[in-house]
Amino acid sequence: MQEGVLLRELHHRVTNGVAFAIDLVSAAAIRVEGAEAKRALGDVVELLHGYADMHRALAMPTGETLIHAATYLRKLGCGMRRALLDRTNIQLAFATQSLALEPERCWHLGLIVHELVMHAARHACLDARAGQIRIKLTRTGALVSCVILDNGSRPAREASDRELRIARDIARALGGRIEQGFGAEFTSIVLAFPLTERERGANWSIAARQMRAPRRTRVTASNEAVLAASATADQRGPAAATDPIAGRLRQQGGERAVARRSADALGGLLSAFHHTDAP
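Description of the structure in this document. (Residues numbered from 1 in each chain as written. Predicted model: local features only at pLDDT ≥ 70, side-chain atom pairs only at ≥ 80, totals over all residues. Heavy atoms only, no water.)

### Concerning the pattern of salt bridges
The criterion, for reference: We define a salt bridge as a contact between a side-chain nitrogen of Lys or Arg and a carboxyl oxygen of Asp or Glu at a distance within 4 Å. Under the scheme applied here, a residue whose accessible area is under 20% of the maximum for its type counts as buried, over 50% as exposed, and between as partly exposed, the area being computed with a 1.4 Å probe on protein chains only. Think of it this way: any DSSP run of H or I at least four residues long counts as a helix, any run of E at least two long counts as a strand, and we number them from the N terminus.
In the structure shown here, the tally under the stated rule is 7 salt bridges. The partner of Arg177 in a salt bridge is Glu179, with the nearest N and O atoms 3.6 Å apart. For Glu179, a relative accessible area of 26% corresponds to the partly exposed category. Note that Arg200 and Glu197 form a salt bridge whose closest N and O atoms lie 2.1 Å from each other. Here Glu197 and Arg200 lie together in helix α6 (residues 197–212), a separation of 3 residues that amounts to about one turn.

Here it is in structure tokens:
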């Protein structure tokens, strides 16, 4: 049996189990007497709903249409807020660029971000400060970086680094890697990985349309068209190959510089982000 089928079946069973637990606790909240008990059970229901939202966001995607990674991560963030962050007084903020990824690779990105945010929430040493976690998603040429930055200090992290092994393994599946940076009152974790040929074509086309259509509503509609077209055009090569503006973008010196970059291009990107994201 294919691995994807097993994963979807497992996801379906967990979803049903959480839904059943929500029903049971909701029924108990109705029957129980006492305002305090009702509030406590209501909190449990809200917590379970948060984990259900997060679980749905982490479901293995279907289909071939490219996914807006920024929208996907924000949806995942809503579940993480509801399940954990709001309850621990940790704020979650996003700074994201438009980025189109293949479905399975976007799912891998979501798994990594979830693991890293949960890791930060569990192990950040905040010293009575209000917790803050920021997710920054950017593209530089054919390279993507995702920075998870929190305002916790280092002491609580050293014994927890082994928990990042799963995230590092998934990063390798994306062709990328993860590095950490520490400061007196901040910790950053940077994921960097290259785009595939198909993703490069779609993102160059999106960038070209954004140059022509600065208004957000028009950009959104154009982006949707690019993602839908890329699913059917995959057999013919990258969508940008038929886009004259995207073709000109690839000829620009900036894009040629990406192609000529050394084998350690990811390392250069990671180092740059460690400097720029430190408060």
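### A word on the nonpolar core
We count it as follows: Take the buried Ala, Val, Leu, Ile, Met, Phe, Trp, Tyr and Cys residues and link them wherever side-chain atoms come within 4.5 Å; each set so joined is a nonpolar core. By the convention used here, residues are in contact when the closest approach between their heavy atoms is within 4.5 Å.
Within the largest apolar cluster, 41 residues are counted, with the highest numbers of intra-cluster contacts made by Leu109, Ile112 and Val117. Counting residues per element, the ones that place at least two in this core are α2 (35–57), α3 (69–83), β2 (90–96), α4 (103–123), β4 (131–140), β5 (143–150), α5 (165–173) and β7 (187–194). It is α4 that contributes the most residues to this core, 10 residues altogether. Setting aside residues no more than four positions away along its own chain, Ile112 makes contact with Ala167, Ile170, Ala171, Leu174, Ile178 and Leu191.

### Quick word on the packing of α2 against α3
We count it as follows: Here an angle of 0 to 180 degrees is reported between the N-to-C directions of two axes, which are lines fitted to C-alpha atoms, with helices fitted over the stretch in contact. Note that the term roughly parallel is reserved for angles under 35 degrees, roughly antiparallel for angles over 145, roughly perpendicular for angles of 65 to 115, and oblique for everything else. Helix crossings get a hand from a simple test, with the near helix turned counterclockwise from the far one by less than a right angle marking a left-handed crossing and a clockwise turn marking a right-handed one.
Interhelical geometry of α2 versus α3 gives an angle of 155° and a closest axis separation of 7 Å. It follows from the interaxial angle that α2 and α3 lie roughly antiparallel. Crossing handedness for the pair α2 and α3: left-handed. Contacts between α2 and α3 involve Glu46, Leu47, His49, Gly50, Tyr51, Asp53, Met54 and Ala57 on the former and, on the latter, Tyr72, Leu76, Gly79, Met80, Arg82 and Ala83.

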